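# Geometric and topological summary
Residues per chain, in single letters:
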Amino acid sequence: QITSIYVGDPIKEIFFLSKGSCSFVIPSCHWHKFVNIEKGDFFGVLDIVGSVIKHKLKMTKWIDSKSHLRRIFTVIANEECESLYLSLESLYKMD
């Protein structure tokens, strides 16, 4: 169940929304919602890419530096949500 994911949280997985809806929000702008996430959508990949760029890591070796990966977006649930997730390790093995 998803309630919220915050900027700066460690990245351990990406999510696939199976029930409900969420939104990307801007906490510093009164939690303004700027992108809606609906059933069937996924999120978390941009957090990985953004964190890799921020820390100047090699895109092909990001898994070796997973302790440096932090969320760059905040996501909040708009209603009761359920999700499936894929761990970073499993995502890396998909290459």
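Whatever comes next refers back to the structure up there.
A brief report on the enclosed structure follows. Numbering of residues starts from 1 in each chain and follows the order in which that chain's sequence is written. For a predicted model such as this one, the threshold for reporting local features is a pLDDT of at least 70, and the threshold for listing and counting side-chain atom pairs is 80 or more; totals across whole chains, interfaces and linings nevertheless cover every residue. The basis for the side-chain values is all heavy atoms of the structure; hydrogens and waters are excluded.

## Some points on the sheet that holds strand β5 (residues 42-43)
A pair of strands counts as paired when DSSP detects no fewer than two bridges linking them. Secondary structure elements follow DSSP: runs of H or I of four or more residues count as helices, runs of E of two or more count as strands, with numbering from the N terminus. On the basis of which strands lie adjacent, the open sheet formed by three strands has the order β5-β2-β7 and antiparallel pairing. With partners counted over all chains shown, the strands left at the sheet margins are β5 and β7 (82-87), one partner each. Sheet topology places strand β2 (residues 13-19) next to β7; six bridges connect them, and they run antiparallel. Directly across from Glu 13, in β7, lies its bridge partner Ser 87.

## Points about the environment of Phe 15
Residue position: Phe 15 is located in strand β2. Each C-alpha atom, one on Phe 15 and one on Leu 84, is 5.8 Å from the other, the two residues being 69 residues apart in sequence.

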